[in-house]
Amino acid sequence: MRKSRTLYPLRLIRAVKKSDGEHITFLTNIEEIRPKEITEIYKSRWDIEIFFKFIKQHLNFSHLLNRSENGIKSVLYVTMTAAILLFHYRKQNGLKGFKIVRQKFAQDLERNIIYNIVIICGGDSVKAKKLLYQNSS
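The structure presented is a predicted model; accordingly, all values stated were derived computationally and were not measured.

(A) Examining the nonpolar core more closely. Formed by F54, I55, L59, F61, A83, L86, Y89, F98 and V101, the largest nonpolar core amounts to nine residues. Of all the secondary-structure elements, those providing two or more residues to this core are α1 (35-58) and α2 (69-92). In terms of residues, this core owes the most to one element, α2, which gives three residues. The residues contacting L86, other than those within four sequence positions of it, are L59, V101, R102 and F105.

See below:
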């Protein structure tokens, strides 16, 4: 093992998870804040990692199409809005998982858009509803 000094001083913080008593060790170069705040920051970072794992797996957010700050923000806002809509749709319909939820949500959204276009264009709402919603259960 090579022993050499780092360019920046490091700080070792040890914590214990309240839920199961597991010991956790953090290594940081932040000197200005208390150890409790460091653990809260790491906890928040883990929640963010879980969220990004979700949007990558279930919302096809695999890579950024734009590298500008505004482009990244726009894609993230749209993706987060889609995630919120999917969670709400899943809960409202008593569904589990996300693959089928995403498919059913897309189908329902498409039917509703077509139905509204028919109504806006002066079409027959009864016929439209019958055609669009006859096999949607």
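Still to come is the rest of the account.
(B) Quick look at the pattern of salt bridges. Per the stated rule, a full pass over the model turns up three salt bridges. With its nearest N and O atoms 3.1 Å apart, the salt bridge here joins K73 to E69. Of this pair, K73 and E69 both sit in helix α2, four residues apart, which is roughly one turn of that helix. Overall, K73 belongs to the partly exposed group, its relative accessible area being 39%. In this structure, D108 and R111 form a salt bridge, with 2.8 Å as the shortest nitrogen-oxygen distance. In this pair, D108 and R111 both sit in helix α3 (residues 99-120), three residues apart, roughly one turn of the helix.

(C) Broad picture of the pairing of strand β2 (residues 23-28). Pairing of strand β1 (residues 11-16) with β2, which is carried by six bridges, proceeds in the antiparallel orientation. The partner of V16 across the bridge, within β2, is H23. From the end of β1 to the start of β2, which pair antiparallel, there are six residues, and G21 there has a positive phi angle of about 75°.

How each quantity is defined
Residues numbered from 1 in each chain as written. Predicted model: local features only at pLDDT ≥ 70, side-chain atom pairs only at ≥ 80, totals over all residues. Heavy atoms only, no water. Core = buried A, V, L, I, M, F, W, Y, C linked by side-chain atoms within 4.5 Å. Buried < 20%, exposed > 50% of the residue type's maximum accessible area, 1.4 Å probe, protein only. Helix = DSSP H or I, 4+ residues; strand = E, 2+ residues; numbered from the N terminus. Contact = heavy atoms within 4.5 Å. Salt bridge = Lys/Arg side-chain N within 4 Å of Asp/Glu carboxyl O. Pairing = 2+ DSSP bridges.

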